[in-house]
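Read off the chains here:
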Number of protein chains: 2
Amino acid sequence: MTRWRLDVAYDGSGFRGFAVNIGIRSVAGELNAALGRMCGHDVTVTCAGRTDAGVHARGQVVHFDTDKEGLEAARLMRSLNRMLGPEIAVTDAQIVPTTFDARFSATWRRYRYSVVTSVWVDPQVARFVWHREGELDPSPMATAAQAFVGHHDFSTFCRRTPPAPGQVERSRVRNLHEFDVRCDGPHRLDFWVLASSFCHHQVRSMVGTLVQVGEGRRNVDSVARALESLDRQQCGPVAPAEGLTLWQAGYG
Amino acid sequence: MTRWRLDVAYDGSGFRGFAVNIGIRSVAGELNAALGRMCGHDVTVTCAGRTDAGVHARGQVVHFDTDKEGLEAARLMRSLNRMLGPEIAVTDAQIVPTTFDARFSATWRRYRYSVVTSVWVDPQVARFVWHREGELDPSPMATAAQAFVGHHDFSTFCRRTPPAPGQVERSRVRNLHEFDVRCDGPHRLDFWVLASSFCHHQVRSMVGTLVQVGEGRRNVDSVARALESLDRQQCGPVAPAEGLTLWQAGYG
């Protein structure tokens, strides 16, 4: 058996998320189907970060196992990219030890969230940003964002999904390493977040809350208080999926 | 009556071109509908360059006339951008003298044609480039392209459309000012072309022919000979629409 690692980028607009689910179009579904055709048996990919419907990726990492012999990296990439079409790109392919696991070996994930605040947004980037008209003050947002850095219970900023029957609720404690707010010209803000891992809707919940700070509708201190409260009601509106991109996953 | 000039950008992927035609989705159709709702009467836009199906624009210019009073530029832009959605953006709006004509006052048009030659293409740019796998040598392409600069009959590089009954065939003589071939990294080529105006399919015909030169399947001199021949058979394959963007139109 051979284990392969693939690095994958995608435009998430046309997918109902990464994970396979019956009756929906998913990134994993497309990858599994293309790999299945190449390998001659069912293939199931495992990923570094299960992105939600409409979320994009520049550096998603997946692994899969195959008994097929003689696969060669350059040929594999070429065939996959031809089969997958323009919405998904395989940017690297390599054989890895079977101890490598795209999900459990990943030690950090970096996401970018982009907001455009002008009246119009360039149609060439419109699919990959949140178009939210009206000025935002970046300085208090950057200050407030520092409350997120460190080891915290992010219950306030996570979507609660009830545990499966017989299972205990999963911890929402995470270690967040960096949260940068950067201006790209007068009408674009990029939020860069790096953490060991993220809970469901965490980046979009944090960004939606910070945007309220940038609008002047919420003060800086309220973000730290919301975090401490562990109360989902203290979270701002969840920012829309289209602005979010899984930028990179780190190993070792 | 007031004449307005709008500067317009669009992702052409979802449109069957700029011009209105029955039963198809066109950029002008969307603009006319949105403007008609705002003005309370039928509106017909006139443009600097009628782009084909799948061709994009960053700096298309249109004009329209209205009797509606009290329209204000900032409000007009805001309302239009909300109505038009992410595929079309109105990037500027201004009242112009009625002597201004988006088509006939334009003294030049600049197009960009982009080719990506690597195995994969970033899904965030895939809609706006021609993904044509395999290396191209830019140097002979740049040399061959210089044959196009100047005052020429571009019959070889234009799609022949039979004249309407009773009309004479239109001249295919054009004045081409610049043709630059630029590398953007090892796997991307941008062709920048500036001319007074262009015939139908002209940029894509010239690019398709130059790509054969870059592939080594055609020599540099054959391009100038093809141009002189006025023989459409001497043209290479027409490059696909998705790589082409109307970049700018110039006035005065």
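Placed above this text is the structure.
Residues numbered from 1 in each chain as written. Chains lettered and ligands numbered in written order. Predicted model: local features only at pLDDT ≥ 70, side-chain atom pairs only at ≥ 80, totals over all residues. Heavy atoms only, no water.

(A) Local environment of the environment of tyrosine 113 of chain B. Residues and elements named next belong to chain B. You can see tyrosine 113 is positioned in strand S5 (residues 106-116). A residue is classified by how much of its surface remains accessible, and tyrosine 113, at 0% relative accessible area, is buried. The spacing of tyrosine 113 and threonine 98 is 15 residues in sequence and 33 Å in space, taken between C-alpha atoms. Those residues in contact with tyrosine 113 that lie beyond four places of it in its chain are Trp130, Leu189, Asp190, Phe191, Arg204, Val207, Ala239, Pro240, Gly243 and Leu244. A distance of 2.6 Å separates the side chain of tyrosine 113 from the backbone oxygen of proline 240, its partner in a polar contact. (Helix = DSSP H or I, 4+ residues; strand = E, 2+ residues; numbered from the N terminus. Buried < 20%, exposed > 50% of the residue type's maximum accessible area, 1.4 Å probe, protein only. Contact = heavy atoms within 4.5 Å. Polar contact = N/O pair within 3.5 Å; in protein donor to acceptor, adjacent residues only side chain to side chain.)

(B) Focus on the packing of aromatic side chains. One pass over the full model with this rule turns up 18 aromatic pairs over all chains. Judged by centre distance (6.4 Å) and plane angle (40°), the rings of phenylalanine 148 of chain A and phenylalanine 154 of chain A are tilted. (Phe/Tyr/Trp six-rings, centres within 6.5 Å; stacked < 30°, edge-to-face > 60°.)

(C) Seen up close, helix H5 (residues 221-229) of chain A. Residues and elements named next belong to chain A. Taken together, the buried positions of H5 are occupied by Ser222, Val223, Ala226 and Leu227. When H5 is viewed along its axis, its buried side chains cluster within an angular range of 140° and face the same direction. For H5, the exposed residues lying more than 90 degrees away from the buried face are Asp221 and Glu228. Taken from the residues just after H5, leucine 230 is the one with a positive phi, measuring 55°. (Arc of directions from axis to C-beta.)

(D) Spotlight on the nonpolar core. Ranked by internal contacts, the top residues of the largest apolar core, which has 64 residues, are Leu6, Phe148, Phe179 and Phe191 of chain A. Leucine 6 of chain A has contacts with Leu35, Gln60, Val61, Val62, Phe64, Leu76, Leu80, Val90, Asp92 and Ala93 of chain A, leaving out every residue within four places of it along the chain. If you look at the next biggest cluster of nonpolar residues, it comprises 63 residues, including Tyr10, Met77, Tyr113 and Leu189 of chain B. (Core = buried A, V, L, I, M, F, W, Y, C linked by side-chain atoms within 4.5 Å.)

(E) Region of interest: the layout of surface pockets. Quantified by volume, the largest pocket comes out at close to 1,600 Å³. As for the largest pocket, its lining consists of 47 residues, and the residues nearest its centre are Arg50, Arg103, Arg170, Phe198 and His200 of chain B. Secondary structure elements with two or more residues in the lining of the largest pocket: helix H1 (27-39), strand S2 (46-47), S5 and helix H4 (202-214) of chain B. Here the residues of the lining of the largest pocket sort into 21 nonpolar, 14 polar and 12 charged. Roughly 1,300 Å³ of volume is contained in the second largest pocket. Taken together, 42 residues line the second largest pocket, and the ones lying closest to its centre are Arg50, Arg170, Phe198, Cys199 and His200 of chain A. Of all the elements in the fold, those that place two or more residues in the lining of the second largest pocket are strand S5 (106-116) and helix H4 (202-214) of chain A. A breakdown of the residues in the lining of the second largest pocket according to their chemical character gives 20 nonpolar, 11 polar and 11 charged. (1 Å grid on protein atoms, 1.4 Å probe; cavity = no way out; pocket = protein on both sides within 12 Å on 5 of 7 lines; lining within 4 Å. Points joined across faces, edges and corners; volume = space filled by probe spheres on them. Nonpolar A, V, L, I, M, F, W, Y, C, P; charged D, E, K, R; others polar.)

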